[in-house]
Amino acid sequence: MPISSMPTVASAVPCPVVESLDAILPEEPLLMMGAGPVPIPAAVAKANTIVINHLGGTMVKVIAQVKTMARYVFQTQSKWVLGVAGPGSAAMEMAISNLAWEGTRVLCIKNGFFSDRMGEMGRRVGARVSTLEVADRTVASLEQIAEAMRRERPEIVTVVQGETSNTVWNYHLKDIAALAKAAGALVIVDAVCTLSTMPLEMDAWGIDAVITGGQKGLSSIPGVSLIAFSDAAWARVKGRTAPNAHWCLDASLAENFWHNAGYHYTAPVSGVLALHEALRLVCAETLEKRFARHLKCSLALQDGVTALGLQLYAPAACRLNSVVGIEVPAGLSPADVCAHISRQHQVEISGSFGLPIVRIGQMGEQCREHNLFRTVHALGRTMVDLGVKVDLPAGVAALERGLSEGK
Ligand SMILES: *Cc1c(COP(=O)(O)O)cnc(C)c1O
């Protein structure tokens, strides 16, 4: 049939006219200095362009190396390391939905927005969740936590290492895990923003499940995450009678892909390759050097911001270094600041779920000197532009002093 005589069918939904990505994306990529996603190294970006068979010999090798490197990053000998197609929250839901079910007693230590999410996920699988509410900008004392454990007798305790929302660091984590262990509870730790930015020792601290995302400390792409279960946690996963209602997140089914070279669902191969490269770069750097780089950069940033004349949100004792919270001066909103610094200086930073702060991340590639100078300068200039009196040269000088210390 000649083309001209082919019947034409008017589609009920007309073909849309849209802009190309080139027209939508900024000409120069924004410097991603918010609470994630963060900039990715070239090796990660390159790996993310590759598609390979999700099953077969090459993938088996990649998965084996991802698990080996992840064990180093989690500091665990546990066999039970798995990846998850999904955000950090999917890894979180994998931990909760495999370890908790109808009637499970869960104690959720709630420092803010993200640590509360674990409690919410617990309620959704029918667990009996009790929440230890911790005041903003503080951590619960060990006495408070011990008291809550005596009262609630939890089978599972959930806690965040770094509460990204209000930039609080749970520095008691090791002792909290020890308390939970002594009380016979399993401990789930959200290390989404902190993993590979500060010490976390899964085995030595007795943690039963650690979760992380790709797009924060690891400097990989968003959407592929990691989880590790201890032997005790894995025994609970295997011992449950009713299967996990979340089929994609069922750890027993995921075991087939992550440990038996079989099929569960089609793995996000490009993202797994990107994660492989991100982990390889962590191993090449070593955790010790990576922690030192993060600490030095974050403290220098904090000095720079303070010298500008701005206030940090979290008190020094429980201040998270992985994400720095900065009070927004009276008369301005976080959205004003974020919009201006993005538009005028091509630097992206974050607000925070209704809190009067902006947040600058110090995760992975964000902890590079050139990124810090650009960010402190852009933040200072933004304040000047918006009518806030700051001392921009003093801020940049303090950053420089912090970075050059010990050189
Ligand atoms: C970002 C973050 C999450 C959520 O991660 P998603 O990838 O957005 O699901 C959870 N917990 C903490 C501590 C985070 O920083």
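Bear in mind that the values here come from a model prediction, so they are computed numbers and not experimental data.

Here we come to a nonpolar patch on the surface. A surface patch of nonpolar side chains, amounting to about 320 Å² of accessible area, comprises Leu-21, Ile-24 and Leu-25. Here Ile-24 lies in helix 1 (residues 21-24). Overall, the relative accessible area of 53% leaves Ile-24 in the exposed class.

The next subject is the nonpolar core. Formed by 81 residues in total, the largest nonpolar core has its most connected members in Leu-99, Leu-200 and Phe-229. No other element matches helix 3 (residues 57-74), which puts eight residues into this core.

Once that is clear, we can look at the layout of surface pockets. Approximately 150 Å³ is the volume attributed to the largest pocket. Around the largest pocket sit Trp-169, Thr-197, Met-198, Pro-199, Phe-291, His-294, Leu-295, Ser-298, Arg-319, Asn-321, Ser-322 and Gln-362, which together line it. Ranked by residue count, the leading element in the lining of the largest pocket is helix 12 (residues 287-308), at four residues. Among the residues forming the lining of the largest pocket, the class breakdown is five nonpolar, six polar and one charged.

As a further point, take the environment of Asn-170. Looking at the element boundaries, Asn-170 is found in the loop between strand 7 (168-169) and helix 7 (173-182). Owing to a relative accessible area of 2%, Asn-170 belongs among the buried residues under this scheme. Taking C-alpha positions, Asn-170 is 6.1 Å from Val-139, a pair spaced 31 residues apart along the chain. Apart from the residues within four sequence positions on either side, Asn-170 is in contact with Asn-111, Val-139, Val-159, Val-160, Gln-161 and Ile-176. A polar contact of 2.8 Å, which involves the side chain of Asn-170, links it to the backbone oxygen of Val-160.

UniProt records the feature "binding site: substrate" (unreviewed entry) at Arg-359, using the numbering of this structure. On the secondary structure map, Arg-359 appears in strand 13 (residues 357-361). With relative accessibility at 5%, the residue Arg-359 sits in the buried group.

Conventions adopted
- Residues numbered from 1 in each chain as written.
- Predicted model: local features only at pLDDT ≥ 70, side-chain atom pairs only at ≥ 80, totals over all residues.
- Heavy atoms only, no water.
- Patch = residues over 30% accessible without salt bridge, like charges linked within 9 Å, V, L, I, M, F, W, Y side chains within 5 Å.
- Areas by Shrake-Rupley, 256 points an atom, 1.4 Å probe, with all protein chains shown as cover.
- Salt bridge = Lys/Arg side-chain N within 4 Å of Asp/Glu carboxyl O.
- Helix = DSSP H or I, 4+ residues; strand = E, 2+ residues; numbered from the N terminus.
- Buried < 20%, exposed > 50% of the residue type's maximum accessible area, 1.4 Å probe, protein only.
- Core = buried A, V, L, I, M, F, W, Y, C linked by side-chain atoms within 4.5 Å.
- 1 Å grid on protein atoms, 1.4 Å probe; cavity = no way out; pocket = protein on both sides within 12 Å on 5 of 7 lines; lining within 4 Å.
- Points joined across faces, edges and corners; volume = space filled by probe spheres on them.
- Nonpolar A, V, L, I, M, F, W, Y, C, P; charged D, E, K, R; others polar.
- Contact = heavy atoms within 4.5 Å.
- Polar contact = N/O pair within 3.5 Å; in protein donor to acceptor, adjacent residues only side chain to side chain.
- UniProt positions renumbered as here; feature names shortened; annotations may be inferred.

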